[in-house]
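These are the residues of each chain, in order.
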Amino acid sequence: MKKKDYEITEEERKTQDMSVVAEYNGEVSNRAKLVQYEGDDYDDTPVKDESFKGKADNFWYHHKWHVVIAAAVLFVAVISIFQFIEKGKNKTDLSVMYAGPVDIYGEQADGVKEALSEMLSVDLNGDGVERVYLYSFYYLNEQQSAYLTEEAKKNGKIPAFDAAKNRQTLKDYSNLVFTGECGVMFLDGALFEDLKNSGGLEKLGDALGYTPEKTFDGYGVRVCDTAAWARYEALHVMPEDTVVCLRSMSTAGGVMITAADAKENYDAGVRMLKDIFAVSFPKGE
């Protein structure tokens, strides 16, 4: 085939050009319309809203996450400061813990705190008053919760036991045990055994320098076997088989609290435990 056969005549070119033009429907862009109306020097840059509301909206649009994060940090700081102030107002020498099948609160909790404060022989924080704080956890072990549920069914009642709340209580108790804030603990037997087996308790002989006569395993003494139980009726809100024991030095030192605070909590617990066992039986007992 010759080259000439591929050449496009002038008439064919015009026809093709017209077909292309025919496809355009005559519409122009919005930009082109504005140029036609305003002229070539038209500037379509958005006009800034210089009003207070406009500036505020613009600031929020560009910095909203910074504001949200800053507000959250400020909120936490305010709460922390408030708690610090409140703690300062009610500062205590040390904290102890009860965890078991009795809900100790209100006047009963105050009675336990007053009794322990009276036993404490040293003003640990130097404020001139011996004061002990009590953390109380109402917790039922598996046997106790099963018994409560079974008894309710026998009597045709709906069990009052809240399993979810009980699990949360156990978690809260475990978290506090981990911090080591409470050296002296009054624990339900099952909790005592679990903590001892996990290495969380100090041997009484090592802490006190002697082994109390009525310890049943070297790590704990039933509260009913102490002279403190005989002298202070306020302690009777606890079940008599509640075990008095001592938290070993917390490994949270340097993580959740300082190593110095961990040592201070432990030493305070040793002091409290010595004073509990130093209470003498009333005459004639």
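These lines cover the structure that appears in this document, whether it is placed above or below.

Cut-offs used in this document
- Residues numbered from 1 in each chain as written.
- Predicted model: local features only at pLDDT ≥ 70, side-chain atom pairs only at ≥ 80, totals over all residues.
- Heavy atoms only, no water.
- Helix = DSSP H or I, 4+ residues; strand = E, 2+ residues; numbered from the N terminus.
- Buried < 20%, exposed > 50% of the residue type's maximum accessible area, 1.4 Å probe, protein only.
- Contact = heavy atoms within 4.5 Å.
- Areas by Shrake-Rupley, 256 points an atom, 1.4 Å probe, with all protein chains shown as cover.
- Pairing = 2+ DSSP bridges.
- Axes fitted to C-alpha atoms, helices over the stretch in contact; angles between N-to-C directions.
- Salt bridge = Lys/Arg side-chain N within 4 Å of Asp/Glu carboxyl O.
- Expected span 1.5 Å × (residues − 1).
- Patch = residues over 30% accessible without salt bridge, like charges linked within 9 Å, V, L, I, M, F, W, Y side chains within 5 Å.
- Phe/Tyr/Trp six-rings, centres within 6.5 Å; stacked < 30°, edge-to-face > 60°.
- Right-handed = clockwise from strand over helix to strand, strands pointing away.
- Core = buried A, V, L, I, M, F, W, Y, C linked by side-chain atoms within 4.5 Å.

**So, the overall build of the protein chain**
Moving on, step 1. Helix and strand counts for the protein chain stand at 10 helices and five strands.
Moving on, step 2. Considering the protein chain as a whole, with its 285 residues, one finds that 31% of them fall into the buried category.
Moving on, step 3. Across the protein chain, every contact between residues at least 6 apart in sequence was considered, and the portion connecting residues at least 24 apart equals 70%.
Moving on, step 4. Carbon together with sulfur atoms contributes 54% to the accessible area of the protein chain, which is approximately 19,400 Å² in total.

**Examining the side chain of Ser145**
Moving on, step 1. Tracing the chain through its elements places Ser145 in helix 5 (residues 142-154).
Moving on, step 2. Residue classification places Ser145 among the buried residues on the basis of a relative accessible area of 12%.
Moving on, step 3. If we skip the residues at most four places from it in the chain, Ser145 touches Leu140 and Phe161.

**Observations regarding the sheet that holds strand 4 (residues 220-222)**
Moving on, step 1. Strand order in the open sheet formed by five strands is 2-1-3-5-4, and the pairing between neighbours is mixed. Looking at the sheet topology across the chains shown, the edges are occupied by strand 2 (132-138) and strand 4. Across the sheet, the mean angle from the axis of one strand to that of its neighbour is 20 degrees, orientation sign disregarded.
Moving on, step 2. Packed on one face of the sheet, helix 6 (residues 163-179) meets strand 1 (94-100), strand 2 and strand 3 (182-187) and runs near 145 degrees to strand 2.
Moving on, step 3. In this fold helix 10 (residues 259-278) packs onto strand 1, strand 2, strand 3, strand 4 and strand 5 (243-246), with an angle of close to 50 degrees to the strand it touches most, strand 3.

**Overview of the pattern of salt bridges**
Moving on, step 1. In this structure the tally under the stated criterion is eight salt bridges.
Moving on, step 2. Where Glu151 meets Lys154, a salt bridge forms, and the shortest distance between an N and an O atom there is 3.7 Å. Taken together, the positions of Glu151 and Lys154, both in helix 5 and three residues apart, correspond to about one turn of that helix.
Moving on, step 3. The class for Lys154 is exposed, based on a relative accessible area of 59%.
Moving on, step 4. Here Arg271 and Asp275 are joined by a salt bridge, their closest N and O atoms 2.9 Å apart. Remark: Asp275 and Arg271 occur in helix 10; sequence separation between them is four residues, near one turn of the helix.

**Some thoughts on helix 10**
Moving on, step 1. Here helix 10 spans 29 Å end to end across 20 residues, near enough to the 28 Å set by a 1.5 Å rise per residue.
Moving on, step 2. Every buried residue of helix 10 is listed here: Ala262, Asn265, Tyr266, Ala268, Gly269, Val270, Met272, Leu273, Asp275, Ile276 and Phe277.

**A few points about a nonpolar patch on the surface**
Moving on, step 1. A contiguous nonpolar patch, built from Phe59, Trp60, Trp65, Val67 and Val68 and spanning about 540 Å² of accessible area, is present on the exposed surface.
Moving on, step 2. Judged by its relative accessible area of 39%, Val68 falls in the partly exposed class.

**Section: the packing of aromatic side chains**
Moving on, step 1. Applying the stated criterion across every chain, the model contains three aromatic pairs.
Moving on, step 2. Both rings, one in Phe137 and one in Tyr173, keep their centres 6.3 Å apart while their planes meet at 75 degrees; by these two values the pair is edge-to-face. Placement of the pair is Phe137 in strand 2 and Tyr173 in helix 6, with a sequence separation of 36 residues.
Moving on, step 3. Ring centres 5.7 Å apart and planes at 70 degrees place the aromatic pair Phe192 and Phe216 in the edge-to-face group. Taken together, the residues span a long stretch of sequence, with Phe192 in helix 7 (residues 189-197) and Phe216 in the loop between helix 8 (204-208) and strand 4 at a distance of 24 residues.

**Observations concerning the pairing of strand 2**
Moving on, step 1. Relative to strand 2, strand 1 runs parallel, the two being bridged by seven bridges. Its bridge partner lying in strand 2, Val96 is registered against Leu134.
Moving on, step 2. In terms of handedness, the path from strand 1 via helix 4 (residues 106-119) over to strand 2 forms a crossover that is right-handed.

**Notes on the nonpolar core**
Moving on, step 1. Membership of the largest hydrophobic core comes to 37 residues, with the highest contact counts inside it found for Leu116, Met119, Phe186, Leu235 and Met272.
Moving on, step 2. Elements represented by at least two residues in this core include exactly strand 1, helix 4, strand 2, strand 3, helix 8, helix 9 (227-231), strand 5 and helix 10.
Moving on, step 3. In contact with Met272, other than residues within four places in its own chain, are Leu94, Val96, Leu116, Met119, Leu120, Val132 and Val184.
Moving on, step 4. Counting residues in hydrophobic clusters, the runner-up holds 16 residues, among them Ala99, Phe137, Val177 and Leu195.

**So, the environment of Leu94**
Moving on, step 1. Take Leu94: it is sitting in strand 1.
Moving on, step 2. Spatially, the C-alpha atoms of Leu94 and Glu130 are 9.0 Å apart, while their sequence positions differ by 36 residues.
Moving on, step 3. Those residues in contact with Leu94 that lie beyond four places of it in its chain are Leu120, Leu124, Arg131, Val132, Tyr133, Ala268, Gly269 and Met272.

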